[in-house]
Amino acid sequence: MRTVHSITSALAALAMSAASLVALTFASAPPAAALENGLARTPQMGFNNWNATHCGADFNEDMVRGIADLFVSSGLKDAGYQYVNLDDCWAEKDRDANGDYVPNHTRFPHGIKSLADYVHSKGLKFGLYTSAGTLTCAQTMPGSLGHEQQDAKLWASWGVDYLKYDNCNNQGVDAVKRYTAMRDALAATGRPILFSMCEWGENKPWTWAKDVGNSWRTTGDISDSYSSMLSIVHQNMALASYAGPGHWNDPDMLEVGNGGMTDTEYRSHFSLWSVMAAPLLIGSDLRKASAATLKILTNREVIAVDQDPLGEQGVPIGTDGGRDVFVKPLKNGDRAVALFNESDAPQRISTSATAAGLPAAPGYTVRDLWAHTTRETAGTLAATVPAHGTVLLRVSADRKWALHPPAVDVGVGLPVAYPGGLPIVQPGTPVTVTTTATNSGRLPALAVNTRLTAPDGWTVRAASRRSTPALGTDKSFTTSWTVTSPQDAAAGAYDLTATTTYAGASAGSTVQATVLKLTTPPSGTTYLSDLPWVRASNGWGPVEKDMSNGETAAGDGHPITINGAVYKKGLGAHAPSTIEYYAAKKCTSVAADVGVDDEKTTNGSVTFEVWADGTKVADSGLLTTADPAAHLTAAVGGASFVRLIVTDGGNGNDSDHADWADARITCT
């Protein structure tokens, strides 16, 4: 995780005497009354600057005023976003003679109250940040440990409406006592201040924080990667029973628009946060937001799912083969149903209105919240979902279902080497692609016709019939196509779009084919860091060759070191991670020394796996920062592709710097 979440031993020593006094004070503090501030009856919506600026020079009052202006001009305020929140680095490092925070003179020369007044003048609310410790996470300003009453009173006088309260430099003081003390201090001000607990899920706050905070982080920090987002979904989705009006599970800020994921992945991110009734806090730089980013962030139909006043967090009712189905009950009796495809290839995902909890009915109305179309169904809820994509539906038992066209979905089938594998097309090589249109409607779909389009320079030819006069309930129609990319096609992902028209309506689906010129590995034993990978994903920062993972940019790691042993060769990863190589059915074995890198001394816990196509062939078991390197070998004979996978050990990916030391592959 981020290195700002650590504290140097020197700073710890300086703070120790004060922390001891604080600990004694808390030890004798009586239990306090429950949280009753009337806030966050639906999950909070707003902006936090951290992911966009960190402590950079552009984090200043002009930037914050500009964000408030953008809330109004871009439609974010009208869409429901309220809070404009400052993160770390807003104050000077030292308190004044009275022990109060001092706004940073360079960043905020006119003070915080002036800034809060400006935000309020726009009809918005204003938030601040600090830590339940002696210093904040960036170690640029004081924390509030031991100063709760004084600080809360000061913030209230400035007009603060929101507090994000982090967990850094906490000196080992009990978390419940630290956060309860701030809750009581905020309440004593008499000003409604939303209390957002950023405790990272370390002490299972969902089991005790309902009466302490309006929301609590359930995981470590998110990063702008699909693997990080997916890992957080897996952790947060099991906690639905703890959420409700006034108290929410918080899987961290939105990364939508930061550039590390595709728009398809960002739509999944936004959809899943909404289904999970999560706070929607924009974490991207709105000054640079694209039209596509704003379109995602202002989708009112999706936001309505998040903000539904019933306040139930959606739950997974199916997670088979990376085909996830989430259901969220809504106050008017509808159900929000998310069909999420975790895998790297398109998959058809299906459930039913009955499974979603709706009563038996002759027909149902289905609203696609991204396509903004309304259809009728006999009960099947299905879509062919692109890799990493989500189809979000709002389903109702509507007596007027027959007024809408039948629900037809169309999918594109691409060739893959193994189930869930990456759909790869080699330049100039013809491949067979299929399109399948399926009618889930109670009514027949008439005059069904499908076409497939590809980028300029590609050739697409139908190899079977493209149309059928009628398609009955739960019936499908498949067309085969021969698709060829140009001989000189550059490596990358390319869209293939299927469009099915039928009487009164149409359906479409876009999937991505990856063009790669696969290189057969050399004979003998070769270090994997000397070979090109097919793809690589990482929880934090890029996968590194011959160095550890540095969490941020390429080349920012250190020599690979596990339990004191230093390695010149290998791969530096950060859970969750996948690194895939082409084996061409020529390779026999993979071997590596695996473990958590010594640059992390606590918290790191991972498992290492080797997969041959769709089969796991080796597993290291759980390894932590205390363990020496484990030697892992795997037989991969006959596999077209080999994947090196690191999981987070089931407790989040804090400090999970995972080394594949001396990783090598043997081929014939």
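Here the structure is a predicted model, which is why all the values come from computation and not from measurement. (Residues numbered from 1 in each chain as written. Predicted model: local features only at pLDDT ≥ 70, side-chain atom pairs only at ≥ 80, totals over all residues. Heavy atoms only, no water.)

## Remarks on the packing of helix α3 (residues 61-73) against helix α5 (residues 111-121)
Contact geometry of α3 with α5 gives a least axis separation of 10 Å together with a crossing angle of 15 degrees. Between α3 and α5, the interaxial angle falls into the category roughly parallel. Judged by the sense of rotation from one axis to the other, the crossing of α3 with α5 is right-handed. Where α3 approaches α5, its residues Glu61, Val64, Arg65, Ala68 and Asp69 are matched on the opposing element by Gly111, Ser114, Leu115, Tyr118 and Val119. (Axes fitted to C-alpha atoms, helices over the stretch in contact; angles between N-to-C directions. Helix = DSSP H or I, 4+ residues; strand = E, 2+ residues; numbered from the N terminus. Parallel < 35°, antiparallel > 145°, perpendicular 65-115°, else oblique. Left-handed = near helix turned anticlockwise from the far one by under 90°. Contact = heavy atoms within 4.5 Å.)

## Considering the sheet that holds strand β16 (residues 390-396)
Taken together, 6 strands build an open sheet; the order of strands is β9-β10-β11-β16-β13-β14 and the sheet is antiparallel. Two strands close off the open sheet at either side, each with one partner strand: β9 (315-320) and β14 (373-377). Taking each pair of neighbouring strands and ignoring which way they run, the sheet shows an average axis angle of 25 degrees. Here 4 bridges tie strand β13 (residues 364-368) to β16, and the two strands are oriented antiparallel to one another. Within the sheet, the bridge partner assigned to valine 366 lies in β16 and is valine 395. Along the sheet, helix α9 (residues 263-275) makes contact with β10 (323-329), β11 (335-341) and β16, crossing β16 at roughly 40 degrees. (Pairing = 2+ DSSP bridges.)

## Description of helix α8 (residues 226-236)
The element α8 is largely enclosed, with a buried count of 9 among its 11 residues. What α8 keeps buried is the set Tyr226, Ser227, Ser228, Met229, Leu230, Ser231, Ile232, Val233 and Asn236. Against β7 (248-250), α9, β10, β11 and β27 (535-537) lie the buried residues of α8. (Buried < 20%, exposed > 50% of the residue type's maximum accessible area, 1.4 Å probe, protein only.)

## Overview of the pattern of salt bridges
Per the stated rule, a full pass over the model turns up 22 salt bridges. Salt-bridge contacts for arginine 535 lead to glutamate 580; the nearest nitrogen and oxygen are separated by 2.4 Å. Here the residue arginine 535 occupies a position in strand β27, and glutamate 580 occupies one in strand β32 (residues 577-582), the gap between them amounting to 45 residues. We note a salt bridge from lysine 600 to glutamate 551, for which the minimum N-O separation is 4.0 Å. Remark: glutamate 551 occurs in the loop between β28 (544-545) and β29 (560-562) and lysine 600 occurs in the loop between β33 (587-596) and β34 (605-612); sequence separation between them is 49 residues. Each of the two residues, lysine 600 as well as glutamate 551, counts as buried. Three or more residues are tied together by salt bridges with common partners; here these are Asp58, Asp285, Arg287 and Lys288. (Salt bridge = Lys/Arg side-chain N within 4 Å of Asp/Glu carboxyl O.)

## Focus on the pairing of β32
Consecutive side chains along a regular strand alternate between the two faces of the sheet. The sheet contact formed by β27 and β32 spans 3 bridges and is antiparallel. Looking at the pairing, arginine 535 lines up with glutamate 580 of β32. As defined by bridge partners, β32 adjoins strand β38 (residues 641-647) across 6 bridges and the pair is classed as antiparallel. Its bridge partner being in β38, isoleucine 579 is matched across the sheet by leucine 644.

## Considering the state of the cysteines
Inspection of the entire model under this criterion finds 3 disulfides. Note on cysteine connectivity: cysteine 55 is disulfide-linked to cysteine 89, with sulfurs 1.7 Å apart. One end of the pair, cysteine 55, is in the loop between α2 (50-53) and α3; the other, cysteine 89, is in the loop between β2 (83-85) and α5, with 34 residues separating them in the sequence. Disulfide pairing places cysteine 137 opposite cysteine 168 at an S-S distance of 2.0 Å. Of note, the bridge from cysteine 137 to cysteine 168 carries an S-S torsion of about 95 degrees and is right-handed in sense. One end of the pair, cysteine 137, is in the loop between β3 (125-131) and α6 (148-158); the other, cysteine 168, is in the loop between β4 (162-166) and α7 (175-188), and 31 residues separate them in sequence. The class for cysteine 137 is buried, based on a relative accessible area of 4%. The exposure class assigned to cysteine 168 is buried, which follows from its relative accessible area of 1%. Here the protein chain pairs its bonded cysteines, counted in sequence order, in the arrangement 1-2, 3-4, 5-6. (Disulfide = S-S within 2.5 Å.)

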